[in-house]
Amino acid sequence: MKVIIIEDEKPSARRLKRMLESIDITTETMLHSVEESIQWFNTNAHPDLIFLDIQLSDGLSFEIFDQVEVKSAIIFTTAYDEYALQAFKLNSIDYLLKPIDEEDLEAAVAKYKTRLPQKNNIALDFEDIKKLLVNPIDRVYKKRFSVKVGQHLKLVNIDDVECFYSENKGTYLYTTEGRNYLLDTTLEALENELEPETFFRINRKFYININAIKDIISYTNSRLQIKLNNFNEDEVIVARERVKDFKNWLE
C-alpha cells in the first residue's frame, strides 16, 4: 500500500509517520504545502491513500485538487471544530481529529481497507466542504447546562463554567465556584455546542474557558501547563500537537 502524508507541521507529520509504522504501514513521502503537493502529484504515480491536513502553510489543501484529479483515497487530519466535520460525514470522507489517537488511526485505516474495491470510485465534493470551512453558517451555542443534584435539576450558565473534563468514562462540568457536576454527554458532543472563541479543547481530556486561565507555564516535551482560577484536581496540559492552535486561539 502506497501512503503519503500532506501536513505543514513537520513534527506532526513525523509523529503520524511513526504511528503508521507502528501498525506496519510505511509512508513513502511527506509533503508540507499546496505548491509542493501539486508539483509532486504532477510528477509521481498517485498513492493508494493520502493523510491530508486541511490547513496548510500556503492555503487550504483543497486547492491541490483544483489542479490535480483525485485518484487516491483520503483520510483528513484536522483540528477544525465539529461543525465543519459534518461536511465530511455527508460526503462519506474519513477524518481524524487532532491530536490523533492511535486507536482512531487504526480504525480509520481498517475502514479504508474494507473499502478497497471501491477506492477508484471516490466522488468528493470539495467545493461544498470548502464553502462550509471558509464561510461557516452562523451557529447558536449553548448558554446554560442543566445538571442533576440529588433529586433536583440545577441550571449552570455557560459563563460560570471554568472547564469541562472527562474522567472514568464520565464528562464533568467545573464551575467558577469550585463545584463539579456530572453531565449526560461527551467531550466530542460538546465540540458542537461550545463557542470556539471562549472554549478550547487542549487535549483529549479537557476543554477550558479562556476567561478562567490564571497562568500558562512551559512544560516538558514542548507542551504548556495551564493554571485555572479554581480547578486544581489534576494537571491541565496542552497537548504538544495543540500548542500552536492554542497560542493562535489566545490571540
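Each chain carries its own residue numbering, running from 1 in the written order of its sequence. Per-residue local features of the predicted model are confined to residues with pLDDT of at least 70, and side-chain atom pairs are confined, for both listing and counting, to 80 or more; whole-chain, interface and lining totals are unaffected and use all residues. In computing side-chain properties, one takes all heavy atoms of the structure into account and sets aside hydrogens as well as water.

The subject of this paragraph is the pattern of salt bridges. Any Lys or Arg side-chain nitrogen found within 4 Å of a carboxyl oxygen on Asp or Glu counts as a salt bridge. Tallied over the entire structure, the rule returns nine salt bridges. Between Glu-21 and Lys-17 there is a salt bridge, and its shortest N-O distance comes to 2.7 Å. Highlighted residues: Glu-21 and Lys-17, both in helix H1 (residues 10-21), separated by four residues, approximately one helical turn. Buried means the residue's accessible area, taken with a 1.4 Å probe over protein chains only, is under 20% of the maximum for its type, while exposed means over 50%, and partly exposed covers the values in between. Its relative accessible area of 38% is what places Glu-21 among the partly exposed residues. For Lys-17, a relative accessible area of 25% corresponds to the partly exposed category. The partner of Asp-245 in a salt bridge is Arg-242, and the shortest N-O contact between them spans 3.7 Å. Residue classification places Asp-245 among the partly exposed positions, given a relative accessible area of 25%. Secondary structure is summarised from DSSP: a helix means a run of H or I of at least four residues, a strand means a run of E of at least two, and numbering begins at the N terminus for each.

We now examine a negative patch on the surface. Each patch is assembled from residues with relative accessible area greater than 30% and no salt bridge, linking like charges that lie within 9 Å and nonpolar side chains (Val, Leu, Ile, Met, Phe, Trp, Tyr) that lie within 5 Å. Residue-level accessible areas treat just the shown protein chains as cover; the underlying method is Shrake-Rupley with a 1.4 Å probe. Counting rule for charge: Lys and Arg are taken as positive, Asp and Glu as negative, and neither His nor the chain ends is counted. Here the site of a charge means NZ on Lys, CZ on Arg, CG on Asp, or CD on Glu. Where like charges cluster on the molecular surface, the negative patch consists of Glu-35, Glu-36, Asp-58 and Glu-63. Tracing the backbone shows Glu-35 in helix H2 (residues 34-43).

What follows deals with a positive patch on the surface. A contiguous patch of positive charge on the surface is contributed by Lys-10, Arg-14, Arg-18 and Arg-240. Tracing the sequence through the fold places Lys-10 in helix H1.

By secondary structure assignment, the location of Asp-53 is in strand S3 (residues 49-53). Asp-53 sits in the buried class, given a relative accessible area of 5%. Any two residues whose heavy atoms approach within 4.5 Å are treated as being in contact. Here Asp-53 is in contact with Ile-6, Glu-7, Asp-8, Ser-61, Thr-77, Thr-78 and Lys-98, once residues within four sequence places are set aside.

The next thing to look at is the sheet that holds S3. Strand pairing within a sheet occurs via backbone hydrogen bonds; the two strands may be parallel or antiparallel. On the basis of which strands lie adjacent, the open sheet formed by five strands has the order S2-S1-S3-S6-S7 and parallel pairing. Single-partner strands in this sheet number two, and they are strand S2 (27-31) and strand S7 (94-97). In this sheet, neighbouring strand axes are inclined to one another by 20° on average, regardless of whether the strands run parallel or antiparallel. Should DSSP find at least two bridges between two strands, the strands are regarded as paired. Two elements, S3 and strand S6 (residues 73-78), share five bridges in a ladder whose sense is parallel. Each bridged residue has a counterpart across the sheet, and for Leu-49 the counterpart in S6 is Ala-73. Interaxial angle, 0 to 180 degrees, is taken between N-to-C directions of lines fitted to C-alpha atoms, where a helix line uses only the stretch in contact. Contacts from helix H4 (residues 102-114) reach S3, S6 and S7 within the one sheet, and its direction differs from that of S7 by about 175°.

Side chains Val-3 and Ile-5 project from strand S1 (residues 3-6) onto one buried face, and the interleaved Ile-4 and Ile-6 project onto a second face that is buried too. Here S1 pairs with S2 via four bridges, running parallel. Its bridge partner lying in S2, Ile-4 is registered against Thr-29. With the strands aimed away from the viewer, a crossover counts as right-handed if its path from the first strand over the helix to the second runs clockwise. Read from S1 through H1 to S2, the crossover connection turns out right-handed. Summarising the sheet, S1 and S3 pair through four bridges and their orientation is parallel. Note that in S3 the partner of Val-3 across the bridge is Leu-49.

Attention shifts here to the environment of Arg-204. Among the structural elements, Arg-204 can be located in the loop between strand S13 (199-201) and strand S14 (206-209). For Arg-204, a relative accessible area of 38% corresponds to the partly exposed category. Taking the C-alpha atoms as reference, Arg-204 lies 8.4 Å from Ala-239; in sequence the two are 35 residues apart. The contacts of Arg-204, once residues within four sequence positions are left out, are Pro-99, Asp-101, Asp-104, Ser-166 and Leu-187. Pairs of N or O atoms within 3.5 Å make up the polar contacts considered here, provided that, within protein, one atom can donate a hydrogen while the other can accept it, and that residues adjacent in sequence are counted only when both atoms are side-chain atoms. Within polar-contact distance, the side chain of Arg-204 engages the side chain of Asp-104 at 3.5 Å.

It is worth spelling out H4 at this point. In this scheme, a helix's expected span is set at 1.5 Å multiplied by one less than its residue total. The terminal C-alpha atoms of H4 lie 19 Å apart, and with 13 residues this matches the ideal 18 Å at 1.5 Å per residue to within 8%. Within H4, burial applies to Leu-105, Ala-108, Val-109 and Tyr-112. An end-on view of H4 places all buried positions within 95° of arc, on one side of the element. Of the residues in H4, the exposed ones pointing more than 90 degrees away from the buried face are Glu-103 and Thr-114. Of the surrounding secondary structure, the elements contacted by the buried residues of H4 are H1, S3, S6 and S7. Capping the start of H4 is the job of one residue whose side-chain oxygen sits 3.0 Å from the backbone nitrogen of Glu-103: Asp-101. Note that the arc is defined by the directions from the helix axis to the C-beta atoms.

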